[in-house]
Amino acid sequence: MSSSVPRLVIAAPASGSGKTTVATGLMAAFAARGLAVSPHKVGPDYIDPGYHALACGRVGRNLDAYLCGPELVGPLFLHGARGCDVAVVEGVMGLYDGVAGGGELASTAHVAKLLRAPVVLVVDASSQARSVAALVHGFVSFDPEVRVGGVILNKVGSDRHEELLREALESVGVPVLGVLRRAVQVDTPSRHLGLVPVAERRSAAVAAVAAMGAQVAGGCDLEGLLSLARSAGAVSGAAWCAADALGSSPPPPLPVPSPGAAAPGPPPVGPERASSSNAGRAGHNRPAFPNAGQAGHARPAFSNAGRAGHNRPAFPNAGRAGHNRPAFSNAGRAGHNRPAFSNAGRAEDAGRSPRVAVAGGPAFTFSYAEHSELLTAAGAEVVTFDPLHDEELPEGTRGLVIGGGFPEVYASELSANEPLRKAVAELARSGAPVAAECAGLLYLCRELDGLPMCGVLEAEARMSERLTLGYREAVAVGDSSLAVAGTRMRGHEFHRTVVEPGAGRAPAWGVLSPERRVEGFVQRGVHASYLHTHWAAAPGVARRFVERCRTS
């Protein structure tokens, strides 16, 4: 099966060139023409897709070849682009910037090649004239497999400036598909982690997107861009589907500790753990995470992951034909469903659709659409709530997902909502599954910048001047409501906060790169961590979480 949805990748030589303005404006301009536009973003970013969604009236979706593996880029694209007339993919950073030390992996160029899509290069021309030709020539010739089909010149100062730029680019042979002048009205405010999310400035964001659309429509050759989009090659394979990703087999039974029980310790190392552990073998006695097992540091179940000679990648067959196996490759398979505790007496819960509450509103805006789709396909009823305003969890909540966002900006309001903080703490004490990433981690702490939070975790959070940013390769240290010990996963960190201590007695993850450390908290049904993960790469996460909702 193949699809030829017309598509463009909007790239740039570097960050700050105007990709978001051009991509969002182009989406809005196409939509204003009555086209159904599918919006996409290369990389893990949550904020730009919010602006894309405003422009298109459809949810913005990410295409991340590191978090999900190259083999899922095409299927996830086709999933988002179903029924659309054209797709616009906004790149990340510079065109050829990918994972540190990983070559082209997860770069805009990599995704463009996977999608067989032409690239439109957005160039900040504010401080150059003839040199623009050398710049564009370099990007066009750097990788012959990347097809740069046109250039949009941004921040052009005058008619004379435009004339000089066009004249210089004639020698390169790449058409100029647009010229945009400096325009203050399309600027969007930024702060410590980038643009201010749409949810925090809805009316202003609507106006900004409209201005972007008008500027692009007035300064770009929309027919030329559509023609270029139609020249994209076919994307082979089937569209991603949450139900298909989960499979038809029932999810495995899970441990169901009593509400007052301590978190289970690491599972024994035996034949069933052999694929993820070398503990006990000659020459393999030193733990992978040096402090694990000391006071306050639970020892991980597998000890040599990531060592010399034990460096199997998280996606060992990524990109090879016929190797589309997700990262949680054994979740729910026959032979991998032996429960640690009996589920006798819980048969009456088997047919339920447990209600999973997902935090939203201005404080918690970071979420991938596929997470809710997977939870729903796994049998959950997904409902959203706003921790800033709702004083109770949705009635009948059996599980809680708190993603990323900006709780540090809304710390006072979150702290003032004491009834909800108590409800969250009570749900966590009951043993119900709670999945918290980054902002969710902060919200579960005892306090944030001195203000009381939910108090689920014996930890304190505070703002920091230091930016923590980058991809991570990690492994589940022990069993949790999301994963079994030894599960390898890729994630992304992006924050200016610090949590002390950084890991609980039972850590969530052992981070293997760029440096080895344990991170996060697992207690009862709670899994809290700084790592943002993409569940499309590991559908077993959603299956396991929903089954835990049924049985807790």
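Placed above this text is the structure.
Residues numbered from 1 in each chain as written. Predicted model: local features only at pLDDT ≥ 70, side-chain atom pairs only at ≥ 80, totals over all residues. Heavy atoms only, no water.

**Q** Mind showing me how you'd approach helix α4 (residues 108-115) here?
**A** Since the α-helix turns once every 3.6 residues, residues separated by three or four places project in the same direction. Counting buried positions along α4 gives six out of eight residues, so the element sits mostly inside the fold. For α4, every residue scored as buried is listed here: Thr 108, Ala 109, His 110, Val 111, Ala 112 and Leu 115. A positive phi of about 55° marks Arg 116, the residue just after α4. (Buried < 20%, exposed > 50% of the residue type's maximum accessible area, 1.4 Å probe, protein only. Helix = DSSP H or I, 4+ residues; strand = E, 2+ residues; numbered from the N terminus.)

**Q** Looking at this structure, I do not really get the packing of aromatic side chains. What am I missing?
**A** What describes a pair of aromatic rings is the distance from one ring centre to the other and the angle between the planes of the rings. One pass over the structure, following the stated rule, counts eight aromatic pairs. Consider the rings of Tyr 66 and Tyr 471, whose centres lie 4.4 Å apart with planes at 40°: the pair is tilted. Of this pair, Tyr 66 sits in the loop between β4 (61-63) and α3 (73-80) while Tyr 471 is found in strand β18 (residues 460-476), placing the two residues 405 residues apart along the sequence. As far as burial versus exposure is concerned, Tyr 66 and Tyr 471 are alike and both buried. Put simply, the rings of Tyr 46, Phe 366, Tyr 368 and Phe 406 touch in pairs and so form one group of aromatic residues. It is Arg 490 that lies over the ring of Tyr 66; its NZ or CZ is 4.2 Å from the centre. (Phe/Tyr/Trp six-rings, centres within 6.5 Å; stacked < 30°, edge-to-face > 60°. Lys NZ or Arg CZ within 6 Å of the ring centre and 35° of its normal.)

**Q** Is there a simple way to explain the environment of Val 511 in this structure?
**A** With respect to the helices, strands and loops of the structure, Val 511 is situated in strand β20 (residues 509-513). Judged by relative accessible area, Val 511 falls into the buried class, the value being 0%.

**Q** Which parts of the structure should I look at to understand helix α14 (residues 540-551)?
**A** Its twelve residues place the ends of α14 16 Å apart at the C-alpha level, agreeing with the 16 Å of an ideal helix rising 1.5 Å per residue. Taken across its twelve residues, α14 has twelve buried, putting it largely inside the fold. Turning to α14, its buried residues number three or more, namely Gly 540, Val 541, Ala 542, Arg 543, Arg 544, Phe 545, Val 546, Glu 547, Arg 548, Cys 549, Arg 550 and Thr 551. Buried residues along α14 sit in contact with α9 (242-246), β12 (355-359), α10 (369-377), β14 (397-402) and β15 (434-437). (Expected span 1.5 Å × (residues − 1). Contact = heavy atoms within 4.5 Å.)

**Q** Can you help me understand unusual backbone geometry in this one?
**A** The linkage connecting Glu 500 with the following residue, Pro 501, adopts the cis geometry, with an omega of -5°. Note on placement: Pro 501 falls in the loop between β19 (488-500) and β20. Each neighbour pair has its own omega, and for Ser 513 with Pro 514 the value is 5°, a cis peptide bond. For Ala 106, which is not a glycine, the phi torsion comes out positive at approximately 70°. The residue Ala 106 is located in the loop between β5 (86-90) and α4 in this model. What makes Ala 106 buried here is its relative accessible area of 5%. The phi torsion at Arg 116 lies on the positive side, around 55°, for a residue other than glycine.

**Q** What exactly am I supposed to notice about the side chain of Ser 464 here?
**A** Note that Ser 464 resides in strand β18. For Ser 464, a relative accessible area of 17% translates into the label buried. Here the side chain of Ser 464 touches Arg 466 through a polar contact of 3.1 Å, landing on its backbone nitrogen. If near-sequence neighbours (up to four positions away) are discounted, Ser 464 is found in contact with Arg 496, Thr 497 and Val 498. (Polar contact = N/O pair within 3.5 Å; in protein donor to acceptor, adjacent residues only side chain to side chain.)

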